[in-house]
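Residue-level structural notes
Each chain is listed here by its residues.
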Amino acid sequence: MKKIIILNCNFGNIDSVLNAVDYLGYKPIIVSNFKKKIEGSHLILPGVGNFFYASKKVIEFELKEKIDTFLKNGGFILGICLGMQLLFSKGKESGEAAGLNYFNGKCEIFKKASSNKLPLPHIGFSEVYHPDTSLWNGIKNPSDFYFVHSFRIKEIKKNSDDLKIGFSSYGEKFISYIEKKNIFGVQFHPEKSHNNGLKLLKNFFELNAL
Amino acid sequence: MLYKRIIFALLFFEGNFYLSRNFRLQKVGDIDWIKKNYDFGKTCNSLDELIILNVKKNSNINDKKVFFNTIKRIKKNFFLPLTLGGGIRNFEDAKEMFEKGADKVVINTLFYNNFLEIEKIANTYGNQASTLMIDYKQDKDNQYFCYKNSGQEKAEPINKFFIEKINKCLCGDVIFNSIDLDGSGMGPDINFIISQVFKKFLKPTLLMGGFGNSSHILKALNIKKISGIVTANLFNFLGNGLVDCRKNILIYKKYLASFE
């Protein structure tokens, strides 16, 4: 039985994600009380906003420990936008702050945007060149997805075989998709990307326990 | 690569959608009427973003309830970024819009009257969360001025100081909306956006006002610094209008994203 959880950590609205999950025929549970452990099969960590602020919430809600247990029990996590950035070790928005540290990389401002005269934030649809994995079943390569962000992860250290990465470009190449075992992250917003986004979310919910 | 955007703006007033011509409103119909007569779903599926503005001044609790109920219905079936606006006077007004499903909010008068509130919005929801709408027109001496309070009150000249002020504003997109061309379908104000004063402009630039057909849109998208266009021209672009327009533009240039 699939049990979809959406974490509501008060960084950004979860309404669009909720609508998309609902449309796909699932009845998600919204978790905003972090006293208990997180129980479910698929967890979405959405987020729009500020890394520093979100990092404080991660510590306040003891999210790391709770997500660790969730993953150990075979659950799948999908971080969206700021939610993906938080899966990395560090963020530098409004000062340095720690992430959940599942991937070793830094989230920093687009460095080449200003020299290429590209405005920030990066807002709109951009191509995503993605790996050929289950989450991308039935989705063309590359495909267009909606982005809205000023900070990005440029590279990841310690590459391993089960680490799969997707790229996009805005003045420079950056990581727009990442997966490793049961951890997934998208810098774009599938819930705001028409059919492509719905397909990706559907594929995520169809992943079966490890 | 980042694609350019075609954004549709719906103007909402007491339960109905309206057309605007030089900032004067004409009633079109409610959401059911638009859905039935203009195949609204088809339009939404070929848009990069949707903006819905509650243009009633000093909306009371009931007006807001009607507005947010309509938003809820629209959000249920369409999966694209939604920007809401109209009457945002402080952080709390913006917060309410985010809580009712906005991905971004439109700010206008706040920019002139209370800059600090925009910072407050940015600190909680991020810089990208506010879209600044600048309503402007040319005076008799051909000088461009921006206007606040739904285009009724002359605010300040659009010069390099003004552009610097926007650059410093903690907002994302900036929509330049021509009051003179509003609803005219006569074509966009290209001269304005390519003028010298914009040379140092750093924000994503959206042009609004005057779009009547796909060649108008293509003409604007041809300009490098334009990130996208906004139209509220219901009669020209609903139904098959925008779907065809998107197809037409893609024949000439790969400016726009393709939605499968």
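Residues numbered from 1 in each chain as written. Chains lettered and ligands numbered in written order. Predicted model: local features only at pLDDT ≥ 70, side-chain atom pairs only at ≥ 80, totals over all residues.

**Thoughts on the overall build of chain A**
- A count of helices and strands for chain A gives five helices and 13 strands.
- In terms of overall size, chain A behaves like a compact globule, its C-alpha atoms giving a radius of gyration of 16 Å where 210 residues would be expected to give roughly 17 Å.
- For the C-alpha atoms alone, the extent of chain A along its principal axes is close to 50 × 40 × 35 Å.
- A total of 210 residues make up chain A; the buried ones form 50% of that total. (Helix = DSSP H or I, 4+ residues; strand = E, 2+ residues; numbered from the N terminus. Rg over C-alpha atoms; globule rule 2.2 N^0.38 Å. Buried ≥ 20, exposed ≤ 12 C-beta atoms within 10 Å, placed from the backbone.)

**As for the pairing of strand E1 (residues 5–13) of chain B**
All names here are of chain B.
- Burial analysis of E1 places eight of its nine residues in the buried class, which makes it a mostly covered element.
- Where E1 meets strand E12 (residues 226–231), four bridges bridge the pair, whose relative direction is parallel. Paired with arginine 5 across the strands is glycine 228, a residue of E12.
- Across six bridges, the pairing between E1 and strand E4 (residues 49–54) is parallel. Bridge pairing links phenylalanine 8 to leucine 50 in E4.
- Relative to strand E2 (residues 16–21), E1 runs antiparallel, the two being bridged by three bridges. Residue pairing for E2: phenylalanine 12 is matched across the bridge by phenylalanine 17.
- Counted between consecutive antiparallel strands, the loop separating E1 from E2 contains two residues, among which glutamate 14 sits at a positive phi close to 45°. (Pairing = 2+ DSSP bridges.)

**Things to note about unusual backbone geometry**
Residue and element names in this part refer to chain A.
- Geometrically, the link from leucine 120 to proline 121 is a cis peptide bond, its omega value of 0° lying close to zero.
- Looking at the secondary structure, you find proline 121 in the loop between strand E7 (103–109) and strand E8 (122–128).
- With an omega of 0°, the peptide bond between asparagine 141 and proline 142 qualifies as cis.
- When you line up the elements, proline 142 lands in the loop between E8 and strand E9 (143–149).
- Its identity as a non-glycine residue notwithstanding, cysteine 81 has a phi of 55°, on the positive side.

**A word on the nonpolar core**
Residues and elements named next belong to chain B.
- Counting residues in each nonpolar core, the largest one holds 125 residues, and the members touching the most others are Ile7, Ala9, Leu11, Val105, Ile107 and Ile229.
- Top element by residues in this core is E1. It accounts for seven residues.
- Apart from residues lying up to four places away in sequence, isoleucine 7 is in contact with Leu47, Asp48, Glu49, Ile51, Leu206, Gly228, Ile229 and Val230. (Core = buried A, V, L, I, M, F, W, Y, C linked by C-beta atoms within 7 Å. Contact = placed C-beta atoms within 7 Å.)

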